[in-house]
Amino acid sequence: MTLPKMNRVLLKLSGEVLMGDQQFGIDPAFVLELAKEVKAAKETGLEICLVIGGGNIFRGMAGAAQGMDRAQADYMGMLATVMNALAMQSALEQLGVQTRVQSAVQMDQVCEPVIRRRAERHLEKGRIVIFAAGVGAPYFTTDSGAALRAAEMNCDALLKGTSVDGVYDSDPKSNPSATRYETVSYGKVLADNLKVMDASAVALCRDNDIPIVVFSIREKGNLARVLSGEGVQTVVTDHTA
Ligand code: UDP
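As recorded in an unreviewed UniProt entry, the chain goes by the name Uridylate kinase, listed as coming from Qipengyuania gaetbuli. Looking at the Subcellular location (unreviewed entry) heading of the UniProt record, one finds this comment for the chain: "Cytoplasm". Quoted verbatim from the Function (unreviewed entry) heading of the UniProt record, the comment on the chain is "Catalyzes the reversible phosphorylation of UMP to UDP."

## Quick word on the side chain of N222
Looking at the element boundaries, N222 is found in helix α8 (residues 222-227). According to the relative accessible area criterion, N222 is buried, its value standing at 2%. When residues no more than four places from it in sequence are discounted, the contact partners of N222 are E37, F215, S216, G231 and V232.

## Some details on the nonpolar core
Among the nonpolar cores identified, the biggest contains 37 residues, and L11, L50, M88, L92, I130 and L159 are the most heavily contacted of them. Sorting the residues of this core by element identifies β1 (8-13), α1 (28-42), β2 (47-52), α3 (70-94), β5 (128-132), β6 (157-162), β8 (212-216) and α8 as the ones contributing at least two each. Discounting residues that sit within four places of it in the chain, L159 has contacts with M6, V9, L10, L11, K12, V213, F215, L223 and L227. Of all hydrophobic cores here, the second largest spans 28 residues; its members include V51, A150, M153 and C205.

## Brief notes about the environment of A80
Note on placement: A80 falls in helix α3. Judged by relative accessible area, A80 falls into the buried class, the value being 2%. As for A80 and G53, which are separated by 27 residues in sequence, their C-alpha atoms are 8.0 Å apart. Sequence-distant contacts of A80, that is, excluding residues within four places in its chain, are made with G54, I57 and F58.

## Side note on the UniProt feature "binding site: UMP" (unreviewed entry) in the chain
Mapped onto the present numbering, the UniProt feature "binding site: UMP" (unreviewed entry) falls on G54, D74, V135, G136, A137, P138, Y139, F140, T141 and T142. These annotated residues cover 89 residues of sequence, but their C-alpha atoms sit close together, with the largest distance between any two at 14.2 Å. With respect to the helices and strands, D74 occurs in helix α3. D74 has contacts with G60, M61, P138 and Y139, leaving out every residue within four places of it along the chain. Excluding residues within four positions of it along the chain, P138 makes contact with A71, D74, Y75 and M78.

## Thoughts on unusual backbone geometry
The phi torsion at A133 lies on the positive side, around 70°, for a residue other than glycine. Relative to the helices and strands, A133 is located in the loop between β5 and α5 (142-152). The class of A133 is buried, set by a relative accessible area of 2%. Residues other than glycine seldom take positive phi values, yet Y139 does so here, at roughly 70°. Among the secondary structure elements, Y139 is positioned in the loop between β5 and α5.

## Details of the site of the ligand
The environment of the ligand is made up of 21 residues, and the closest members are R59, D74, V135, A137 and T142. A137 is positioned with one of its backbone polar atoms (N or O) 2.7 Å from a nitrogen atom of the ligand. In this structure, a nitrogen atom belonging to the ligand sits 3.2 Å away from a main-chain N or O atom of F140. Relative to its unbound accessible area of 520 Å², the ligand is 94% covered by the protein chains. Element by element, the count of residues in the shell around the ligand is highest for α3, at three residues. Here the residues of the shell around the ligand sort into seven nonpolar, 11 polar and three charged.

## Some thoughts on the UniProt feature "domain: Aspartate/glutamate/uridylate kinase" (unreviewed entry) in the chain
As recorded in UniProt, the feature "domain: Aspartate/glutamate/uridylate kinase" (unreviewed entry) lies at residues 7-216. Helix makes up 39% of residues 7-216 and strand 18%. Its end C-alpha atoms lie 21 Å apart.

## Some thoughts on the environment of A178
With respect to the secondary-structure elements, A178 resides in the loop between β6 and β7 (183-184). With 35 residues separating them in the primary sequence, A178 and D143 have C-alpha atoms 24 Å apart.

Conventions adopted
- Residues numbered from 1 in each chain as written.
- Predicted model: local features only at pLDDT ≥ 70, side-chain atom pairs only at ≥ 80, totals over all residues.
- Heavy atoms only, no water.
- UniProt positions renumbered as here; feature names shortened; annotations may be inferred.
- Helix = DSSP H or I, 4+ residues; strand = E, 2+ residues; numbered from the N terminus.
- Buried < 20%, exposed > 50% of the residue type's maximum accessible area, 1.4 Å probe, protein only.
- Contact = heavy atoms within 4.5 Å.
- Core = buried A, V, L, I, M, F, W, Y, C linked by side-chain atoms within 4.5 Å.
- Near = heavy atom within 4 Å.
- Polar contact = N/O pair within 3.5 Å; in protein donor to acceptor, adjacent residues only side chain to side chain.
- Areas by Shrake-Rupley, 256 points an atom, 1.4 Å probe, with all protein chains shown as cover.
- Nonpolar A, V, L, I, M, F, W, Y, C, P; charged D, E, K, R; others polar.

Given below as structure tokens:
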């Protein structure tokens with residue numbers, strides 16, 4: 001499907017892609033490669049808001065499964081997203097791209113708080129705004145944070161860069177005959193519990209008519225291909241044309 005003309009996008013990267021080939025944490029060389037992709041996308045004239053997950057460092061659910069208090073574990077997860085945001089900021093600025101980090105958990109010495117009108121100004125000035133700490137509350141994920149920022153920043157699409165190249169009817173890792181959707185409706189994603197983003201994030205995008213473009217960010221040059229309409233991806237939308 002042809003994507004609508006996009007002027008401003010929200011790019012969501014899973015924390016796990018920052019690991020590169022490691023099992024945990026941040027691989028600065030790989031973060032730099034990702035930053036190059038983001039820079040190339042920016043150079044096409046797009047305004048970019050960035051949200052990065054924290055799964056490469058800590059996930060609240062994993063902590064809770066090992067007996068931790070869920071909310072406490074979620075706050076640790078949010079702090080992990082701030083570390084990732086700072087790593088990406090550093091990589092982008094190494095490449096000469098101006099950025100600002102805004103965190104939903106206030107951290108004055110480290111970054112700005114989330115202030116929408118200030119974020120608007122940063123974008124106008126050509127900066128990339130990296131939104132950290134998700135929605136700033138436990139029991140949510142950075143997917144919800146991405147959907148929320150995409151809505152409040154009036155983004156034309158939410159691009160979800162992850163390790164798989166789209167949305168499948170079953171798990172492609174365990175089922176070799178799984179098929180990828182070119183487009184799929186929000187309703188089907190929710191009804192069939194397809195693993196795209198958590199339900200609250202999908203619902204927020206549906207209610208605000210924000211298309212979700214799921215693609216693999218691990219392949220070099222793929223973000224640019226997706227933006228030019230030549231990439232492999234799945235678009236979650238209620239518009240079929
Ligand atoms: N988190 C949270 N509220 C938010 C965003 C994130 O509690 O609004 C916590 C949650 O524990 C989550 C962790 O931060 O597991 C890391 O984020 P996420 O799992 O979304 O990262 P990703 O899977 O994208 O790497």
